[in-house]
Amino acid sequence: MSSYLEATARERLQRLFDAGSVEEFLPPAARVVSPHLGQLNAPVAFDDGVAVGRALLDGLPVYAAAQEGGFMGGAVGEVHGAKLVGLLRRAVVEKANAVVLLLETGGVRLHEANAGLIAVSEVMRAVLDARAAGIPVVALVGGSNGCFGGMGIVARCTNAVVMSEEGRLAMSGPEVIETAAGVEEFDARDRALVWRTTGGKHRYLMGDCQAIVADSIAAFRQGAIDAIAACRGEPVELTLEALEQEQAMLAERIARFGGLADPLEVWAAMGVVQPAAIPMMEADVFAEAARCHRLGGR
Amino acid sequence: METLTYRFENGNRRLPKPAEVVGVVSSGNLEVLIEPAPLDGACSIEIKTAAVGFGATWQAVMRDFHERWQLTDARIAINDMGATPAVVSLRLDQAAETMLGGPA
């Protein structure tokens, strides 16, 4: 069983999709590198930290992207973002069956400032355009850098998010919260607290991700297959009704849990029998235990 | 950043496949892009490294690599973020093995 967490972006693509099926667009040999990093005397990567292309998933032709967390924390620069947008737009033109985004990113690449911010907003628009065209978009989050910032929003713009416990999903990262609001608000060095708050299990209970899987590439593969299958026969586009449901779920969350300081208290308030046992559970045992307590369809 | 280029002649092993990339540009690591190219039989290596001032060490590591592999008509490009010589050697071997399907 090979770890998803420990694999590089390309290893994930090669092992998650059908063997030998990945065809990359703008591969490293094309040398489309960041125009900004060189000016700042910083190293570039030949793929700007993201591999995009098409592949077969259990025989189904899909479009796919994988961010490389090792290169600048998977941060989105101008080229990186343009590759994601181009992939999503091409998926629309080619009427793809689905798009699978293997996200691992700290968000905007600060070196590229406005270009990076614009790139992330364009990715959001492209995800919603793909959904409006009837193409399901699925996000996988299981890398050690998590999925933060604007790309955390991108993940929640998709039809489904599949996470491992080790994966993290949030807007501001732990250090950002501690810096802005103080260590009393959030201790970024308390790793157990960080994972309790942003990790896959809490996201699953809160309704922010639709599936929780073990940290293996095979498990993420099955999660992606299941998530795409679940979109069949359902409206793929973002609807006003779905947004209103989401809004109601968020209002319920604040009403029920807004005054609580630690996810352990939240889990207890949800009726989870042994909240303290949650962090030690294997993914499948946890999913079974959480199913009757978790919020929201999405 | 510093850019270093090396060119080695008289190799005899051709690369049988299109480009491959191994490694990731992260702290203490590097990526190696290896591809066949018409270079009059030479093996050219271009390095962009964040660690400035280690040209002599790079030259020795690249010379050893060429002695091990004897590549011809091969273009290698490296983006480096401060990898140690041992890591650089291993990555280069990984790149050549990925291309040629076995150890030197």
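Structure shown above.
Now for a quick tour of the structure.

Rules of the game
Residues numbered from 1 in each chain as written. Chains lettered and ligands numbered in written order. Predicted model: local features only at pLDDT ≥ 70, side-chain atom pairs only at ≥ 80, totals over all residues. Pairing = 2+ DSSP bridges. Helix = DSSP H or I, 4+ residues; strand = E, 2+ residues; numbered from the N terminus. Axes fitted to C-alpha atoms, helices over the stretch in contact; angles between N-to-C directions. Contact = placed C-beta atoms within 7 Å. Buried ≥ 20, exposed ≤ 12 C-beta atoms within 10 Å, placed from the backbone. Nonpolar A, V, L, I, M, F, W, Y, C, P; charged D, E, K, R; others polar. Left-handed = near helix turned anticlockwise from the far one by under 90°. Core = buried A, V, L, I, M, F, W, Y, C linked by C-beta atoms within 7 Å. Expected span 1.5 Å × (residues − 1).

Quick look at the sheet that holds strand β2 (residues 20-22) of chain B
Residues and elements named next belong to chain B.
And step 1. Pairing in this open sheet of 5 strands is mixed, and the strands run β1-β4-β5-β3-β2 from one edge to the other. Each edge of the open sheet carries a strand with a single partner, namely β1 (2-8) and β2. Taking each pair of neighbouring strands and ignoring which way they run, the sheet shows an average axis angle of 15°.
And step 2. Bridge analysis of β1 against strand β4 (residues 43-49) gives 7 bridges, and the strand direction is antiparallel. The partner of L4 across the bridge, within β4, is I47.
And step 3. Docked against the sheet, helix α1 (residues 55-69) engages β1 and β4, running at close to 30° with respect to β1.
And step 4. The strands that helix α2 (residues 85-100) touches are β2 and β3 (30-36); relative to β3, the one it contacts most, it runs at about 35°.

Concerning the pairing of strand β5 (residues 74-80) of chain B
Residue and element names in this part refer to chain B.
And step 1. β5 sits mainly inside the fold: 7 of its 7 residues count as buried.
And step 2. Residue alternation in β5 divides its side chains into two sets, A74, I76, I78 and D80 and R75, A77 and N79, and both sets are buried.
And step 3. The pairing of β3 with β5 spans 7 bridges and is antiparallel. Opposite V32, over in β5, you have I78 as the bridge partner.

Points about the interface of chain A and chain B
And step 1. With 12 residues of chain A in contact, the opposing surface of chain B contributes 14 residues.
And step 2. Across the side of chain A that touches chain B, the residue classes break down as 8 nonpolar, 3 polar and 1 charged.

Quick notes on the packing of helix α1 (residues 9-16) of chain A against helix α8 (residues 217-231) of chain A
All names here are of chain A.
And step 1. Where α1 meets α8, the closest approach of the two axes is 9 Å, and the angle between their N-to-C directions is 65°. Taken as a pair, α1 and α8 cross one another with a handedness that is right-handed. Counted together, R12, R15 and L16 of α1 and I217, F220 and R221 of α8 form the full contact between these two elements.
And step 2. Here the residues of the contact of α1 with α8 are counted per class, giving 3 nonpolar, no polar and 3 charged.

Concerning the nonpolar core
And step 1. Counting residues in hydrophobic clusters, the biggest one holds 113 residues, and the most contacted among them are A65, V99, V100, V138, L140 and V162 of chain A together with V32 of chain B.
And step 2. The leading source of residues in this core is helix α2 (residues 78-93) of chain A, at 7 residues.
And step 3. Residue contacts for V138 of chain A: discarding those within four places in its chain leaves A98, V100, T158, N159, A160, V162, A224, A227 and I228 of chain A.

Examining α1 of chain B
All names here are of chain B.
And step 1. Between its terminal C-alpha atoms α1 stretches 21 Å, which fits the 21 Å expected from 15 residues at 1.5 Å a residue.
And step 2. Tucked into the core, α1 has its buried residues touching β1, β4 and α2.
And step 3. Q70 sits one or two positions beyond α1 and adopts a positive phi of about 55°.

Side note on the sheet that holds strand β4 (residues 99-103) of chain A
Within a sheet, each strand pairs with its neighbour through backbone hydrogen bonds, oriented either parallel or antiparallel.
Residues and elements named next belong to chain A.
And step 1. Spatial ordering of the open sheet is given by β1-β2-β3-β4-β5-β6-β7, a layout of 7 strands whose pairing is mixed. The open sheet has two edge strands, β1 (23-25) and β7 (211-213), and neither has a second partner. In this sheet, neighbouring strand axes are inclined to one another by 25° on average, regardless of whether the strands run parallel or antiparallel.
And step 2. Two strands pair when backbone bridges link them, and strand β2 (residues 50-57) and strand β3 (residues 60-67) are joined in this way by 8 bridges, in the antiparallel orientation. Paired with R54 across the two strands is Y63, which belongs to β3.
And step 3. Running over the sheet, α1 touches β2, β3 and β4 and is turned about 165° from β3.
And step 4. Set on the sheet, α2 makes contact with β1, β2, β3 and β4; between it and β2 the angle comes to about 30°.

What about the environment of R90 of chain A?
And step 1. Its place among the elements puts R90 of chain A in helix α2.
And step 2. Residues R90 of chain A and Y63 of chain A, 27 residues apart in the sequence, show an inter-C-alpha distance of 8.8 Å.

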